[in-house]
Amino acid sequence: YTLSNAPKTALGNWEGALITDAALATKMSVPMFIQRLLIETELNATIIAYGGNLADNDRMFRHPAAMLCSDGVMIGGHPHPRGYGAFPHFIADYVREHRIVSLAEAIHKMTGLPAKRLNLQNRGILAKGAAADLVIFSLNRIAAGATFENGRAMPRGIDWVFVNGNAVVAQGAFVDSNAGVAPANRWSC
């Protein structure tokens, strides 16, 4: 496990370090180091956990009810790369490279299916009267730029992003925009 967010404390500055290395350097067991770090940071520490099984992921994403999301926490100096890269990685890897799902299935698993499951009206679909949320990308160029070393690297191959009809990425560059609106009291699963 890597400490993705860990403010400097009396234990030291361990953000970006493996927990085992930090525990060894502080002459503590791993459980004791974690306990002390959580106390000293007032629970303000997060980790990147490594694991999973690619064959299981392939089977899971083929399932019609499978949706794509990211649980990458975007705080700290070393966030998980899936915070910035989950969706481009999925398209590049599961659609283009390995053909686990079709492009249409992938888009549905990222947009319409989650919107329907979360009861977000007029989202995740292209239809008259729906929110104009669009991502324009090159299937041949799309790729996650984020890595475990640089979790905030921007993806490649995404040329335009529109939220509520307003460009938030234009010609591959972020545009300062407040186009997004969080729905109030709409979360029902």
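Anything mentioned here points back to the structure above.
The structure displayed is predicted, hence computed values, not measured ones. (Residues numbered from 1 in each chain as written. Predicted model: local features only at pLDDT ≥ 70, side-chain atom pairs only at ≥ 80, totals over all residues. Heavy atoms only, no water.)

Participant: What am I meant to see in the overall build of the chain here?
Facilitator: The number of helices and strands found in the chain is 6 helices and 6 strands. Starting at the N terminus, the α and β elements of the chain follow one another as β-α-α-β-α-α-α-α-β-β-β-β. C-alpha atoms of the chain, sized along the principal axes, occupy 60 × 40 × 35 Å. Within the chain, buried positions represent 32% of all 189 residues. Only carbon and sulfur atoms are counted for the fraction: they give 57% of the accessible area of the chain, which is about 11800 Å². (Helix = DSSP H or I, 4+ residues; strand = E, 2+ residues; numbered from the N terminus. Buried < 20%, exposed > 50% of the residue type's maximum accessible area, 1.4 Å probe, protein only. Areas by Shrake-Rupley, 256 points an atom, 1.4 Å probe, with all protein chains shown as cover.)

Participant: How should the sheet that holds strand β3 (residues 134-137) be read in this particular structure?
Facilitator: Sheet strands line up and pair through hydrogen bonds in the backbone, either parallel or antiparallel. Judged by pairing direction, the sheet is antiparallel, and its 4 strands sit side by side in the order β3-β4-β5-β6 without closing on themselves. On the outer flanks of this sheet lie β3 and β6 (173-174), each paired with one strand and no other. Where strand β5 (residues 166-170) lies against β6, 2 bridges are found, and the strand directions are antiparallel. Counted as the bridge partner of Ala170 is Ala173 from β6. (Pairing = 2+ DSSP bridges.)

Participant: Where do I start with the environment of Glu149 in this structure?
Facilitator: Inspection of the secondary structure puts Glu149 in the loop between β3 and β4 (158-163). Looking at Glu149, the relative accessible area reads 66%, which means it is exposed. Placed 72 residues apart in sequence, Glu149 and Gly77 show a C-alpha to C-alpha distance of 9.8 Å.

Participant: Any chance you could explain unusual backbone geometry here in plain terms?
Facilitator: Among all residues save glycine, negative phi is the norm, and among peptide bonds the norm is trans. A positive phi angle, close to 60 degrees, is found at Lys27, a residue other than glycine. Counting through the fold element by element, Lys27 comes out in the loop between α1 (19-25) and α2 (30-40). Taking the relative accessible area as the measure of exposure, Lys27 reaches 77% and is therefore exposed. Even without being a glycine, Asn119 presents a positive backbone phi close to 60 degrees. With respect to the helices, strands and loops of the structure, Asn119 is situated in the loop between α6 (112-117) and β3.

Participant: Could you clarify how one ought to interpret the packing of aromatic side chains in this entry?
Facilitator: The way to describe two aromatic rings as a pair is by their centre distance and the angle between their planes. Using the criterion set out here, one finds 4 aromatic pairs in the structure. With a centroid separation of 4.9 Å and 65 degrees between ring planes, the pair formed by Phe61 and Phe90 is classed as edge-to-face. Of this pair, Phe61 sits in helix α3 (residues 54-62) while Phe90 sits in helix α4 (residues 82-97), and the two are 29 residues apart along the sequence. For Phe90, a relative accessible area of 2% puts it in the buried group. Consider the rings of Phe61 and Tyr94, whose centres lie 5.3 Å apart with planes at 75 degrees: the pair is edge-to-face. Of this pair, Phe61 sits in helix α3 while Tyr94 sits in helix α4, placing them 33 residues apart in sequence. Under the relative-accessibility criterion, Phe61 is labelled buried at 11%. Among the aromatic residues, those joined into a ring-pair cluster are Phe61, Phe90 and Tyr94. (Phe/Tyr/Trp six-rings, centres within 6.5 Å; stacked < 30°, edge-to-face > 60°.)

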